[in-house]
There are 2 protein chains.
Amino acid sequence: MKRILHLIALAVLGLFLQSCNSEEKGEKEKSGALAANAAERVYVAPGEHDEYYGFFSGGFSGQLSVYGLPSGRLLKVIPVFSQDAEKGYGYNEETKAMLNTSFGFVPWGDSHHPDISQTKGELDGRWVFINENNTPRIARIDLTTFETTEIIEVPNSAGNHSSSFVTENTEYVVAGTRFAVPSPQKDMPISEMKGNFKGPLTFISVHPETGRMNIEFQIAMPGFNYDLSHPGRNKSHGWFFFTTYNTEEAHSLLEVNASQNDKDYIAAINWKKIEEYVKNGGGEKIKAKYAHNVFDEHTQTATTTMKEEVVSVNPTDVPGAIYFLPIPKSPHGCDVDPSGEYIVGAGKLSADLTIHSFSKMLKAIEEENYAGEAYGVPVLDFEAVRAGSVKQAGLGPLHTEFDGKGNAYTTFFISSEVVKWKLDTWEVVDRKPTYYSVGHLMIPGGNSRKPFGKYLVAMNKITKDRYLPTGPEVNHSAQLYDISGEKMELLLDFPTVGEPHYAAGIEASIVKENSKKIYKLDENEHEHAVKNESEARVERNGNEVHVYMTMIRSHFAPDNIEGIKVGDKVYFHVTNLEQDYDVPHGIAMIGANTSEQLIMPGGTKTFIWEPKREGVWPFYCTDFCSALHQEMQGYVRVSAKNSNVPLTWGLGED
Amino acid sequence: MKRILHLIALAVLGLFLQSCNSEEKGEKEKSGALAANAAERVYVAPGEHDEYYGFFSGGFSGQLSVYGLPSGRLLKVIPVFSQDAEKGYGYNEETKAMLNTSFGFVPWGDSHHPDISQTKGELDGRWVFINENNTPRIARIDLTTFETTEIIEVPNSAGNHSSSFVTENTEYVVAGTRFAVPSPQKDMPISEMKGNFKGPLTFISVHPETGRMNIEFQIAMPGFNYDLSHPGRNKSHGWFFFTTYNTEEAHSLLEVNASQNDKDYIAAINWKKIEEYVKNGGGEKIKAKYAHNVFDEHTQTATTTMKEEVVSVNPTDVPGAIYFLPIPKSPHGCDVDPSGEYIVGAGKLSADLTIHSFSKMLKAIEEENYAGEAYGVPVLDFEAVRAGSVKQAGLGPLHTEFDGKGNAYTTFFISSEVVKWKLDTWEVVDRKPTYYSVGHLMIPGGNSRKPFGKYLVAMNKITKDRYLPTGPEVNHSAQLYDISGEKMELLLDFPTVGEPHYAAGIEASIVKENSKKIYKLDENEHEHAVKNESEARVERNGNEVHVYMTMIRSHFAPDNIEGIKVGDKVYFHVTNLEQDYDVPHGIAMIGANTSEQLIMPGGTKTFIWEPKREGVWPFYCTDFCSALHQEMQGYVRVSAKNSNVPLTWGLGED
């Protein structure tokens, strides 16, 4: 009871600290003193380019946002797990299969942790992976097109939070289970959770050339909450680390009941050992319903394959593969330094940070230096694996990143600050306030063997008065710090769309040269593409009508259609014939029950229109494309169901 | 034929000019020389606020974006005409009625021209109006909550482009018809367009206290394309001006066939005269199916009323109310200077700008100085109404705004520049390149009697290489110029979401003090609100289950529910009990077929979950709300359809 009160007091303190008013802010600001020439250091002059790409998750928006750094400018929002009316994603016939799941079509998601593909532990800029937390999925975004090209569902799990982090050659992207569940799912009393629910961890291989994902195996871990994870790298490559909380296995009022144990665990997984075990026929095939959605770049169309089973591995069946490392006070973040030696576990209700040593861990395993076991998994002795602690560093530590120069940077949610400290000596070097209550932080490449180490972005959970007010709902806020010197320097606040839960950054030069400018028309293998105006046409098949349409500055072909009837289902297959960079056209049809179609040069999109009323209905181009853009329009004549107006279409006759 | 070739040549020239490569850019940049200290002049230090709000339309996104100026930071995206997964807008039970139309539920729109409400010709900062172009509608956004509170459909019209501009006391917000259509709609051959289609202009009154909109009358104008409009102000208050193109009434290949006439028109409408005519019983009630959607701030719920008729006025029935003013070369923009004397018509295929005089117009009307008539509407003599011309100012003039100091600023799409010129003398004072191909421009208040006159924002249609590349699709780009001196100074490029077709800006101080921080719980009259935890409960009614749920840091009540069955339709009515600024909570339910619910303090939202599989399914908070946010979760146990597990729910028992 005393401990509960203590925890509640700590939480209340946190809330108190968050609700700083303007006066406090003034004082804080002084201590967080703004860098000299901050303006010039974040300014990217018109026509010049930012130095880094920042890929920020959209959190509850389900998307991925691309920001330029240091300017903080939003370059693009890439639709991933949610419908997007702007681009027609998830509405048009080509992309709606991307949102299929074993639960049916799910129009939105909750995206959390982007991670950029790596080769030899360094960012290679080929793909961004990102997890969906709610209906567990992982997506892959292609960085030549900046489009989502694959989404795989993660079966038998729930709250896919400790995800989607990649191993150092992108061998695997990993998914976890934050909410222990019956696995496979079944009807059972919630109160029987303890010992019966599971926390499967899922290892998804990534094809080295195509990037195509495949679920290789799941590990049926005990029913704890697997919160965050990090691959080993460098010397610890081959291992993966997951923080757990709620090792109490409480199922109600977790804010009290999941904070009972003094220590929870980091699970250390030797995935190479398990991979080998599975390759040799180990594990058991279990029921696992999940969707695998692939967007084919040639046909420009997504398809869904429903799958039925996965290989499940029982942790105790692979001796020497899985251990628990104790971490005090409900750990949240789990981070590994560039050398692979240090594993940082942030006990979110603690003032201290615990750092474990990979070498000590190996030694403790060899010496069987166990403090006990949990469901058959050995728990290593805390002191035997501990490298050190950063003492009284702040309140509510969450996440840590690295600059590659021997420094670590940890966010503290409750005391609302970023703290810089030294690896090896654990001494605090600097601290800067954040506004307010920082969650994740991101150093471009800070997640790899070679961090770029120039900037740090704090992603804050509370915004309040930082920007002009916009009613009860305000955008989340990010802050950019220069970390090239001994002391961190705050340069810029910039608001962000969605909840930028986490981000991944990369030097622009690695990505920009590979960015495609158009889709080549002669590589367009879309089933319904029309590659020149002479092929434009309209075909009727019962009450289904297919319009094969082209668009080019500044007209549609056909631009007038007659003979459509009330009750028809009209498919518009529209191809943009342009082959110049940045000449999209759009098409809008009055009252269309599908979304906006914005079509890039060389691309084809399909939308459906089901006319309900007789009349002459216009369509038009929605993207200002030339001086005669306003003239880019057409009409569809809709007649009664039983009319005998023949199907005709025209272009240019007047 | 010669004219056609000429026009095509002009268009081709435009395309050529657009495709400037980097070398050309280098040179242009020099001539557009960047202002000294540009960095410092656009930098808004952490914790400081921008000077202006900029409300940018989302174009094909259908939304409204709020930017801070001069920083160019995106403060918020307000969902208006499209579903938004981030906020649940258009998905949840409270807001989905906002997207109802006479065509059914339309999940997206194409928003074009925001306009801020005015009192005595000055911006009062109460509401923003914005039009939907595709399925004609006008929305009203409340600037205390920054939320869309009303959408009214505009019947019998198509391509609602010359909209949504307000008169100087917000008496009316106006809508037009860009694509002539049968009005009311009927089945007829497209080729019989000429003389038979109409171009209705719609006058919608705005209640001076509540802002509530009502269609007062439509004017059944000839079937031209009504492209843009502007209210008279000051001396011309009581009139409204609309540009027209395609006075040829061509219906195919408009890029050639709508460019035949040397002059099209500005329609000048004396709306006070027509208002009086209608008040005295004038006009005819005609069939007009349209939806009127209102979001009630007390019940926090939108409802739709379907309406059936409008009053239509025949232009020739109100003598002295409507005239046509000739404008050369397919005019696009229509702008009135702050004094109300000058009406600028931009012939988009012209190198000249034509400025008409309101006084001369009145005189020409008095003297019946007509050049002819069109469908019974007098056409005034061009020279009799012309105040002057800006000669050879650039290629492809589109839009003009004013600084209130006697200067006008016009965008030129083809020659890609902004040109500053003097009212009265028509001399060009300055020109600056834009990158690339500017459409609208915006000066905060530039649309009113009192422009703020410090900045100008150019909204460019082509982006190409201005930012780090993001695949074939790149965001649109805006540019900020300082116009406080004699010469314009380019300060900043910033990318924008959607197509910022047009924008409206206002000094921040007018709006910020009225911005609400929370919804007061004791004013929450939502039908299913629960105002404290003790009222939280679950009720079954056949296969419909209603969960009355609360959320507060950091738990749900109830947090565990049993007795739900496959095939149930479960309504979650969720109330956020917080009463502090910026403490939203979210809720996500695995596989939910509705969207994200993000709920502001004091707010209530409802989503539907239809469980398809037995199991124990978690839900959780999606907005990081406290140090124990990760603990804010619960489970729903789903049993077979015929199971007899009783309906129970709990909180805090373990």
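Residues numbered from 1 in each chain as written. Chains lettered and ligands numbered in written order. Predicted model: local features only at pLDDT ≥ 70, side-chain atom pairs only at ≥ 80, totals over all residues. Heavy atoms only, no water.

### Some remarks on the pattern of salt bridges
This structure, assessed with the given rule, holds 62 salt bridges over all chains. Here K348 of chain B ties to E631 of chain A by a salt bridge, and the two come within 2.8 Å at their closest N and O atoms. Here K348 of chain B, found in the loop between β21 (342–347) and β22 (353–357), pairs with E631 of chain A, found in the loop between β43 (615–620) and β44 (633–639), and the two come from separate chains. Classification of K348 of chain B by relative accessible area gives buried; the value is 2%. Assessed through its relative accessible area of 1%, E631 of chain A is described here as buried. Residues joined by salt bridges that share partners form a network here, namely R41, D482 and E489 of chain A. (Salt bridge = Lys/Arg side-chain N within 4 Å of Asp/Glu carboxyl O. Helix = DSSP H or I, 4+ residues; strand = E, 2+ residues; numbered from the N terminus. Buried < 20%, exposed > 50% of the residue type's maximum accessible area, 1.4 Å probe, protein only.)

### Focus on the domain arrangement of chain A
Residue and element names in this part refer to chain A. Taken domain by domain, chain A comprises domain 1 (2–512) and domain 2 (521–650). On a C-alpha basis, the centroid separation for the pair domain 1 and domain 2 is 43 Å. Across the boundary between the two partners, domain 1 contributes 13 residues, which contact 16 residues of domain 2. Across the domain 1 to domain 2 interface the summed buried area is about 1,100 Å²; carbon plus sulfur atoms make up 44%. (Domains from an automatic or database assignment. Contact = heavy atoms within 4.5 Å. Buried area = accessible area lost by both parts, 1.4 Å probe.)

### Description of the confidence of the model for chain A
Residue and element names in this part refer to chain A. The pLDDT averaged across chain A works out to 93; a share of 94% of its residues lies at or above 70. With pLDDT under 50 throughout, residues 12–31 is counted as low confidence; its partners more than four residues away or in other chains account for 34 contacts. Across the interfaces of the predicted complex, the ipTM metric reaches 0.95, alongside a pTM of 0.96. (pLDDT = per-residue confidence, 0-100.)

### Focus: the sheet that holds strand β29 (residues 428–433) of chain A
Residues and elements named next belong to chain A. Strand order in the open sheet formed by four strands is β26-β27-β28-β29, with antiparallel pairing between adjacent strands. Both edges of this open sheet fall to β26 (397–402) and β29, since each of them pairs with a single strand only. Taken pair by pair, the neighbouring strands of this sheet meet at an average axis angle of 20°, ignoring direction. With five bridges joining them, strand β28 (residues 417–422) and β29 adopt antiparallel strand pairing. (Pairing = 2+ DSSP bridges. Axes fitted to C-alpha atoms, helices over the stretch in contact; angles between N-to-C directions.)

### What to know about the relation of the copies chain B and chain A
Superposition of chain B onto chain A requires a rotation of 180° combined with a translation of 0.0 Å along the rotation axis, giving an RMSD of 0.0 Å. Taken together, these values place the two copies in the relation of a two-fold axis. For chain B, the residue whose C-alpha comes nearest the rotation axis is A39 of chain B, separated from it by 2.8 Å. A symmetric contact is evident, with 100% of the interface residues of chain B recurring at the interface of chain A. (Least-squares fit on C-alpha atoms with pLDDT ≥ 70 in both.)

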